[in-house]
Amino acid sequence: MDTLPHVITTPNLTTTFRHGLTTSTLRYSNPRLFRSFKVANNFRVSSELKSRNNTTTIDYTDPDWKMKFTENFEKRFRLPHVTDTLPDSVSMPSTFCLKMRTPVKSGVPGNYQLDEEWNGYINDNDRVLLKTIYHSSPTSAGAECIDPGCNWVEQWVHRAGPRKNIYFKPEEVKAAIVTCGGLCPGLNDVIRQIVITLEIYGVKKIVGIPFGYRGFTNKELTEVPLSRKVVQNIHLSGGSLLGVSRGGPDVSEIVDSLEERGINMLFVLGGNGTHAGANAIHNECCKRRLKVSIIGVPKTIDNDILLMDKTFGFDTAVEEAQRAINAAYIEAHSAYHGIGIVKLMGRSSGFIAMQSSLASGQIDICLIPEVPFNLHGPHGVLSHLKYLIESKGSAVVCVAEGAGQNLLKKTNATDASGNVIFGDIGVYIQQETKKHFKEIGIHADVKYIDPTYMIRACRANASDGILCTVLGQNAVHGAFAGFSGITVGTCNTHYAYFPIPEVISHPQLVDPNSRMWHRCLTSTGQPDFD
Ligand SMILES: Nc1ncnc2c1ncn2[C@@H]1O[C@H](COP(=O)(O)OP(=O)(O)O)[C@@H](O)[C@H]1O
Ligand SMILES: O=P(O)(O)OC[C@H]1O[C@](O)(COP(=O)(O)O)[C@@H](O)[C@@H]1O
Ligand SMILES: [Mg+2]
């Protein structure tokens, strides 16, 4: 490989990272999704490999291991299709036209004229490259290696978008949309775009299932008829037009309800729990040999879904968090020995805390679930706070909700979906900080801000608005293409379809050995608290 010009050529240059962890345990806070595994610092085995329990099956001394890995990868990332269980399903030319004319009859959707000449569809063999960095060594920052030599192996996933042939006749489609889990900026934008795109294909029966999976079985809740007219302006406000909920009925009850209602396309907007549900619904539909397409759209401000550049709502959350951080900074800066503490979301993953800290440039200490820390002791957070107060007069701490849970008493309580309810690390740090400064006889004015629900409830910003729009459109294209049990996301700025199990086998986490975390540490100037 050619080298870049350099003022000095230094052979054998080695760098030691202060912040690298030797091992870390990754886990879901929801026992229903629980998977735990170790990641070694020196040789980070690709998480996809781990999640499929096949690390032990690859013999790297086999000269054909790369070919075998690739074959296995292709099998894993193959998209489930309605023809898998119903091989007699026939396709027809798409009714989604890339070059449209004004509908012949005004106000009637589905009367778009096809232009046979135009060829702008996605070929089923189109692929997107999953990893774009060639790591020359397992010790390179953030290296995700497949084998101990960190060899380059291409990993391709399926490109999202409209196909030339479709497996559902629009006039026979009854499509439903459901939003589950917690709120997230952009839910309405995705609902809107799904409805608009369905109408362009010519679908007339579109409904919303109210309040998450519960809406399927709760007799008091009725389907919400959806059309372009209904959804036209819903993206202008946050929340979900359809409502959300946690918990709910069994998968078999949901599939019974799909059958009763005649729903053959289901768009499921939610996080890891919702996707686990969507995949189970897909499997049950296959078992019953139903021609139903189940398509997920990942929704989580925590950004904890695997393999994707980011999930919708995340950018907006980071942007909105700036207001809380700035308030904490102003309060701390204006007080005598002021200390501001901001708690941001992030059950298992510290992406919001990390990116918000980086964006603000006002954070002195960023604490995330992936990086253990001590509060007390000579290298603890409190001792660094004392140093900051003495050296610069004020300090601001940003802590992710899932950080430092080992320091708190476990309650074993769970929410309706089975997610572990965490202790409040923000309040704990506030109390311990007050206590500590009192004990050492130094004045400290401690202010605590928890903006959680203000961040979640706002409407999507412009970049999330675009992301939601493209995800919503691609979800519909995926359903018409006949796929089921898949989800859609961005991958190196391109849009791709993934089989659901591949993106939820464990939560996506901040890699403490990644350049991004190191950049955050460079920006805050914080030391190790371990
Ligand atoms: N393993 C699972 N299998 C089936 N359904 C699940 C599973 N985990 C969660 N769900 C359902 O998915 C919905 C949303 O899950 P939750 O964890 O609250 O939010 P999120 O999808 O944002 O992670 C709930 O209705 C819950 O009952
Ligand atoms: O108060 P709620 O609704 O249980 O939500 C709290 C949770 O929602 C989140 O913001 C997002 O979680 P989900 O993706 O599971 O909806 C978490 O960061 C947080 O723990
Ligand atoms: Mg979740």
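Because the structure is predicted, anything quoted here is derived from the model rather than measured.

Definitions and limits used
- Residues numbered from 1 in each chain as written.
- Chains lettered and ligands numbered in written order.
- Predicted model: local features only at pLDDT ≥ 70, side-chain atom pairs only at ≥ 80, totals over all residues.
- Heavy atoms only, no water.
- Axes fitted to C-alpha atoms, helices over the stretch in contact; angles between N-to-C directions.
- Helix = DSSP H or I, 4+ residues; strand = E, 2+ residues; numbered from the N terminus.
- Parallel < 35°, antiparallel > 145°, perpendicular 65-115°, else oblique.
- Left-handed = near helix turned anticlockwise from the far one by under 90°.
- Contact = heavy atoms within 4.5 Å.
- Nonpolar A, V, L, I, M, F, W, Y, C, P; charged D, E, K, R; others polar.
- Near = heavy atom within 4 Å.
- Polar contact = N/O pair within 3.5 Å; in protein donor to acceptor, adjacent residues only side chain to side chain.
- Areas by Shrake-Rupley, 256 points an atom, 1.4 Å probe, with all protein chains shown as cover.
- UniProt positions renumbered as here; feature names shortened; annotations may be inferred.
- Buried < 20%, exposed > 50% of the residue type's maximum accessible area, 1.4 Å probe, protein only.
- Expected span 1.5 Å × (residues − 1).
- Phe/Tyr/Trp six-rings, centres within 6.5 Å; stacked < 30°, edge-to-face > 60°.
- Pairing = 2+ DSSP bridges.
- Disulfide = S-S within 2.5 Å.
- Salt bridge = Lys/Arg side-chain N within 4 Å of Asp/Glu carboxyl O.
- Core = buried A, V, L, I, M, F, W, Y, C linked by side-chain atoms within 4.5 Å.

Undergrad: Before we move on, could you go through the packing of helix α9 (residues 351–360) against helix α15 (residues 515–524) and cite the residues and values that matter?
TA: With their axes 9 Å apart at the nearest point, α9 and α15 run at an angle of 45 degrees to one another. On the basis of their axis angle, the class for α9 and α15 is oblique. Here α9 and α15 pass one another in a crossing that is left-handed. Facing Met354, Gln355, Ser357 and Leu358 of α9, the residues of α15 in contact are Met516, Trp517, Arg519, Cys520 and Ser523. Of the residues contributing to the contact of α9 with α15, the split by class is five nonpolar, three polar and one charged.

Undergrad: Explain the site of ligand 1 residue by residue, including any values.
TA: Close contacts around ligand 1 come from 15 residues, with Arg246, Gly247, Asn272, Thr274 and Ser417 the closest. The separation between an oxygen atom of ligand 1 and a polar main-chain atom of Gly247 is 2.5 Å. One of the side-chain N or O atoms of Lys299 is found 3.0 Å from an oxygen atom in ligand 1. Bound to the protein, ligand 1 loses 88% of the 550 Å² it would expose on its own. Of the residues forming the shell around ligand 1, the biggest block, five residues, is contributed by helix α7 (residues 272–287).

Undergrad: Tell me what's going on with the UniProt feature "binding site: substrate" (unreviewed entry) in the protein, and back it up with residues and numbers.
TA: Under the present numbering, the feature "binding site: substrate" (unreviewed entry) in UniProt falls on Thr300, Ile301, Asp302, Met345, Gly346, Arg347, Glu401, Tyr453, Met454, Ile455 and Arg456. The topology assignment puts Thr300 in the loop between β11 (293–298) and α8 (314–334). Apart from the residues lying within four places of it in its own chain, the contact partners of Thr300 are Cys184, Ile305, Thr311 and Phe312. Within the structure, Thr300 has its side chain in polar contact with the backbone nitrogen of Asp302 (distance 2.9 Å). Residue Asp302 is classed as buried on the basis of its relative accessible area, which comes to 10%. Not counting chain neighbours up to four residues away, the residues in contact with Asp302 comprise Met345, Gly346, Arg347, Ser349, Phe351 and Ile352.

Undergrad: If you had to explain helix α11 (residues 425–439) to someone new, which residues and values would you point to?
TA: With 15 residues, α11 should cover 21 Å at 1.5 Å per step; its first-to-last C-alpha distance of 21 Å lies within 8% of that length. When α11 is considered as a whole, its buried residues turn out to be Ile425, Gly426, Ile429, Gln430, Glu432, Thr433, His436 and Phe437. Structurally, the start of α11 carries an N-cap: the backbone nitrogen of Gly426 is 3.0 Å from a side-chain oxygen of Asp424.

Undergrad: Tell me about the packing of aromatic side chains, and please be specific about residues and values.
TA: Inspection of every chain in the model, using the stated rule, returns six aromatic pairs. A ring pair is formed by Tyr60 and Trp65, whose centres lie 5.1 Å apart and whose planes are at 85 degrees; its orientation type is edge-to-face. Judged by its relative accessible area of 8%, Trp65 falls in the buried class. With a centroid separation of 4.3 Å and 20 degrees between ring planes, the pair formed by Phe73 and Phe77 is classed as stacked. Here the residue Phe73 and the residue Phe77 both occupy positions in helix α2 (residues 65–77), the gap between them amounting to four residues, near one helical turn.

Undergrad: Pulling in residues and values, what's your account of the sheet that holds strand β15 (residues 445–449)?
TA: Strand order across the open sheet formed by four strands is β13-β14-β12-β15, with parallel pairing between neighbours. Each end of this open sheet is capped by a strand with a single partner; those strands are β13 (365–367) and β15. Along the sheet, successive strands turn relative to each other by an average axial angle of 15 degrees, direction set aside. Inspection of the sheet shows strand β12 (residues 338–344) paired to strand β14 (residues 395–400) by six bridges, in the parallel sense. Its bridge partner lying in β14, Lys343 is registered against Val399. Helix-sheet contacts for α8 involve β12, β14 and β15, and the interaxial angle to β12 is about 165 degrees.

Undergrad: Give a detailed account of the state of the cysteines, specifying residues and quantitative values.
TA: Working definition of a disulfide: a covalent bond connecting the sulfur atoms of two cysteines. With the rule as written, the count across this model stands at one disulfide. Between the sulfur of Cys145 and that of Cys150 lies a disulfide, 2.1 Å long from S to S. On the sign convention where negative is left-handed, the bridge of Cys145 and Cys150, at about -70 degrees about the S-S bond, is left-handed. Here the two residues Cys145 and Cys150 agree in accessibility, since each one is buried. Counting only cysteine sulfurs, Cys285 is the nearest neighbor of Cys286, a cysteine outside any disulfide, at a range of 7.1 Å. No disulfide involves Cys468; its nearest neighbouring cysteine sulfur is the one of Cys184, lying 7.4 Å away. Judged by its relative accessible area of 0%, Cys468 falls in the buried class.

Undergrad: Let's hear about the sheet that holds β11: which residues, and what values?
TA: Backbone-to-backbone hydrogen bonds pair the strands of a sheet. The strands run either parallel or antiparallel. A sheet is described by the order of its strands in space; here nine strands give the open sequence β4-β5-β17-β16-β11-β10-β7-β8-β9, paired in mixed fashion. Each having just a single partner strand, β4 (127–129) and β9 (224–225) make up the two edges of the open sheet. Its contacts with the sheet place α2 against β5 (156–159) and β17 (494–499), and it is angled at close to 30 degrees to β5.

Undergrad: Break down the site of ligand 2 for me, citing the residues and quoting the values.
TA: Surrounding ligand 2, one finds 13 residues, the nearest of these being Gly182, Asp302, Glu401, Tyr453 and Arg456. Contact between ligand 2 and Glu401: an oxygen atom at 2.6 Å from a side-chain N or O atom of the residue. A distance of 2.7 Å separates an oxygen atom of ligand 2 from a polar atom in the side chain of Arg456. The protein chains hide 82% of the 480 Å² of surface that ligand 2 would expose on its own. By residue class, the composition of the shell around ligand 2 is three nonpolar, four polar and six charged.

Undergrad: Explain the pattern of salt bridges to me, using residue names and the numbers behind them.
TA: The tally for this structure, following the rule as stated, stands at 23 salt bridges. A salt bridge links Lys343 to Asp424, with the nearest nitrogen and oxygen atoms 3.3 Å apart. Highlighted residues: Lys343 in strand β12 and Asp424 in the loop between β14 and α11, separated in sequence by 81 residues. With relative accessibility at 10%, the residue Lys343 sits in the buried group. Salt bridges sharing partners connect three or more residues here, namely Asp256, Glu259, Glu284, Lys287 and Arg288.

Undergrad: Go over the nonpolar core, please, and point to the residues and values.
TA: For soluble globular proteins, the rule of thumb is that nonpolar side chains tend to be buried together. Ranked by size, the top nonpolar core spans 73 residues in total, and within it Leu198, Phe267 and Phe480 carry the most contacts. Take this core: its biggest share by element is nine residues, from helix α4 (residues 187–201). Once residues within four sequence positions are removed from consideration, Leu198 is found in contact with Ala175, Val203, Ile206, Met265, Phe267, Val476 and Phe480. Within the second largest apolar cluster, 39 residues are counted, among which are Val157, Leu306, Met308 and Cys491.

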